[in-house]
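If you want the building blocks of each chain, they are given just below.
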Amino acid sequence: MNDLHAAFAAPAREALPRLTPAERRLVEAELREMASRGPGTGRILDGLREVAARVPERLYADSAEVLLRMHEIAGSGNLQSNLSSLALVRACFAHGLVDDGGPGADGAGESPAELVVGRGHIAPAFYAEHYVRGTLPFAPLATLHQGGLTGVVHRDLGFRTTMRYSLGVGVAQAVSLAWELARGGSDRKVVCLAGDGELHEGAAFEALRFAHDAGLTNLLLVVDANGKGIEPLAKPLNTGYLAAYLGTLAEVDGCDDGAVETALGELLARPGPAALVCRTRKGDHSFKPAGAAPPAPGRPVSFASTAGRMLGAHRERTGSELAVFTPDMAARFGLGGHVPYTNTGLAETLTVGMTLSLPDHVTKVVATDAMYYMDSLSMLTEATTSVRNLLVLAGRSWGAWGGAHNATNLLGLLLHTRVYEPVTAAEFQACLDRLARDPATAHVVSMIDAAFEPPARDCSADIDGGVWLTPPGDGPEAADATVVTFGYAGVLVEAANRDVGLPHLHCAALTPRLDPATLDVLTRSRRILSVEYNGAGSGFGERLRARHLLPVEVHAVRRDIATRVHRNQLPLHGMSPGPLRERLARLLENREGSGHAPAYA
């Protein structure tokens, strides 16, 4: 069942001030149509097609222009990645590989091949092409990254697979499908759209090797070769190994719509496996609206982006030798100009593997996305049991998807691992100092990819303990109710607690070691609220409850993967100042059964 109005109305209306008058009129007409049709029982994409058919006005005829408007309205995204692959996307539509509601999508005919979009971030290019072809309304386009339309491929929106967390997995999905079709006696082809940066991943190499060794003849790999991931690739795509594994290799100007369409058609008609390399161009990775003002002087920047400066300060202060490796994440951590680093080019397993044989005294820094390391758990297990002085920087802003949540549920379960989420430069330095004192334990540091003012006090004096941002008063009733926070949640609660005044304990360690005086205050508390932006499942509050038998209630991220920008993540999880303030105030309310707090409230 789908309810288009419920899914798209709120984010579309929120976007209205950013739309042109014509766009506003069209979106309002489409929302009225969504409201009139009510909830449906089919796919979301089918419902959107019906709306597009009933409100047929098209404002734009060029999908490149549509892509630009989508990113301008969202104010973020990776426009250049989508433009780089746009000719490939158009060719897929031209050859009937895309479910557009026509023959091959509704049973009237069959598409010539199965399409797997491994380059998962180019979903907006498909949406834009759907729009200009009349099979998608404009309203969902205005909700990109805002809680309506996901920016990555998803089954609900016409793609065969859903992108969960990592690049590179699309090649494995395509090989899996090709193998299953061949095993069943079918010669139906599988077309996989990939990027040259994506092919750096170990999973892609392994998948192509398997396809060759299994003798698969039905795989067609189409590569957007633009010479860039987030940073420029060290060398152009090596086509030799693609030719060795897939036999036939064709190269074409990927910016020429006609050339790409012709080459794709020829390889679809030709028997046997093949690779089509489309030479394209890509600009800067992150979208910046034209004429956007530079950040105001003194304005907070993303905490994750200060990591390079903090690492440089640590090296200067201590004389430590650093070896920094990152899978194309140097910009996220602000490494350039502060510390030397090696870009392994989206090869997450190799990023960790590069630390395995370095001398013990070297501080090994793996600066990665808080999702990417899920690709390299086996190597991380090896590293946490054999590497000394290992620091993993996990950078992400999502509440449920990344940061300490994954560090808790994945890395925190590995041997010899401690997890932290610092929110000040002093806490970050304290994590590095602790690593120097305990080099046999891998230190995983969740780096929040959000801008904020740091709290006035922090845990730098005892990174494994806690600090009262709002101290408890004197007397036995002073801490009747308390709030305890982990990492970034401390920043959010500090702002919300100014008018409430609850005793507020901030911790930077996921598993804090609290001193007797702090535990005494918590033990005397009738109600304790744990607020954790990163990590509900098996996370901070549950550990406090289990370890110290405290009446902890957990206020945390509930939903698993929600693709929303940071400013929309906070209200989604009740972490913005208003809802947090209300939640803190409710903690003071008397209620029957005090002392028997629910785990989640």
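Up top you'll find the structure we're talking about.
Below: a short report on this structure. Remember, predicted model here, so these are calculated numbers, not experimental data.

**Digging into helix α2 (residues 21-37)**
With 17 residues, α2 extends 25 Å between its outermost C-alpha atoms, agreeing within 8% with the 24 Å of an ideal straight helix rising 1.5 Å per residue. Along α2, the residues classified as buried are E23, L26, V27, E30, L31, E33 and M34. Buried positions in α2, seen along its axis, are confined to an arc of 160° and lie on one side of it. Every exposed residue of α2 that faces more than 90 degrees away from the buried side is listed here: R25, R32 and S36. Once α2 finishes, G38 follows within two positions and takes phi at roughly 70°, a positive value.

**Some points on the packing of helix α18 (residues 488-496) against helix α22 (residues 577-587)**
The interhelical angle for the contact between α18 and α22, taken along N-to-C directions, is 75°, at an axis separation of 8 Å. Taken together, α18 and α22 sit at an angle that is classed as roughly perpendicular. Between α18, through L492, V493, A495 and A496, and α22, the contact on the second element is made entirely by P577, L580, R581 and L584. Residues belonging to the contact of α18 with α22 are distributed by class as follows: seven nonpolar, no polar and one charged.

**Brief notes about the environment of P439**
Residue position: P439 is located in the loop between α17 (425-437) and β11 (442-448). Take P439: its relative accessible area is 14%, and that puts it in the buried class. Spatially, the C-alpha atom of P439 lies 8.5 Å from that of V387, the residues being 52 residues apart in sequence.

**Some remarks on helix α6 (residues 86-94)**
Counted residue by residue, α6 has eight buried out of nine residues, so it is predominantly covered. Listed as buried for α6 are L86, A87, L88, V89, R90, A91, C92 and F93. Of the residues flanking the end of α6, it is G96, one or two places downstream, whose phi is positive at about 75°.

**Structural notes on the sheet that holds strand β14 (residues 504-507)**
Read across the open sheet, the five strands follow the order β12-β14-β13-β15-β16; overall the sheet is mixed. The sheet is open, and its two borders are formed by β12 (466-470) and β16 (552-556), each paired with just one other strand. Neighbour-to-neighbour, the strand axes of this sheet turn through a mean angle of 25°, independent of strand direction. In this sheet, β14 lies alongside β12 in antiparallel orientation, the contact comprising four bridges. Across the sheet, residue V467 finds its bridge partner in β14, namely H506.

**Let's talk about the packing of helix α12 (residues 307-318) against α17**
Viewed as axis vectors pointing N to C, α12 and α17 meet at an angle of 55°, and their least axial separation amounts to 10 Å. Here α12 lies oblique to α17, going by the angle between them. In the packing of α12 onto α17, the handedness of the crossing is right-handed. Contacts between α12 and α17 involve M310, L311, A313, H314 and R317 from the former and A425, F428, Q429, L432 and D433 from the latter. Here the residues of the contact of α12 with α17 are counted per class, giving six nonpolar, two polar and two charged.

**Some points on the side chain of T161**
Tracing the chain through its elements places T161 in the loop between α7 (123-132) and α8 (169-183). The contacts of T161, once residues within four sequence positions are left out, are V116, V153, H154, R155 and Q173.

**Details of the packing of aromatic side chains**
Per the stated rule, a full pass over the model turns up eleven aromatic pairs. Centroid distance Y131 to F138: 5.7 Å. Interplanar angle 70°. Geometry classified as edge-to-face. Note on accessibility: Y131 and F138 belong to one class, buried. Among the aromatic side chains, those forming a connected cluster through ring pairs are F93, F126, Y127 and F159.

**A look at the state of the cysteines**
Taken as a whole and assessed by the stated rule, the structure comprises zero disulfides. In this structure C278 is not part of a disulfide, and its nearest cysteine sulfur, from C92, lies 9.3 Å away. Overall, the relative accessible area of 0% leaves C278 in the buried class.

**Describing the pattern of salt bridges**
In the structure shown here, the tally under the stated rule is 29 salt bridges. Notably, a salt bridge pairs E23 with R69, separated by 2.7 Å at the nearest N-O pair. Within this pair, whereas E23 is found in helix α2, its partner R69 is found in helix α4 (residues 63-74), the two being separated by 46 residues in sequence. We classify E23 as buried; its relative accessible area is 0%. Of the residues examined, R69 reaches a relative accessible area of 12% and is grouped as buried. Shared partners join several salt bridges into a network, and the residues in it are D62, R90, E129, R133 and D257.

**Here we look at the environment of T318**
Positionally, T318 belongs in helix α12. T318 sits in the partly exposed class, given a relative accessible area of 37%. Along the backbone, T318 and D433 are 115 residues apart, and their C-alpha atoms lie at a distance of 9.3 Å. A polar contact of 2.7 Å, which involves the side chain of T318, links it to the backbone oxygen of H314. Looking at T318, its side chain comes within polar contact range of the side chain of S320, at 2.6 Å.

The rules behind the values
Residues numbered from 1 in each chain as written. Predicted model: local features only at pLDDT ≥ 70, side-chain atom pairs only at ≥ 80, totals over all residues. Heavy atoms only, no water. Helix = DSSP H or I, 4+ residues; strand = E, 2+ residues; numbered from the N terminus. Expected span 1.5 Å × (residues − 1). Buried < 20%, exposed > 50% of the residue type's maximum accessible area, 1.4 Å probe, protein only. Arc of directions from axis to C-beta. Axes fitted to C-alpha atoms, helices over the stretch in contact; angles between N-to-C directions. Parallel < 35°, antiparallel > 145°, perpendicular 65-115°, else oblique. Contact = heavy atoms within 4.5 Å. Nonpolar A, V, L, I, M, F, W, Y, C, P; charged D, E, K, R; others polar. Pairing = 2+ DSSP bridges. Left-handed = near helix turned anticlockwise from the far one by under 90°. Phe/Tyr/Trp six-rings, centres within 6.5 Å; stacked < 30°, edge-to-face > 60°. Disulfide = S-S within 2.5 Å. Salt bridge = Lys/Arg side-chain N within 4 Å of Asp/Glu carboxyl O. Polar contact = N/O pair within 3.5 Å; in protein donor to acceptor, adjacent residues only side chain to side chain.

The values are spatial; any link to function lies outside them.
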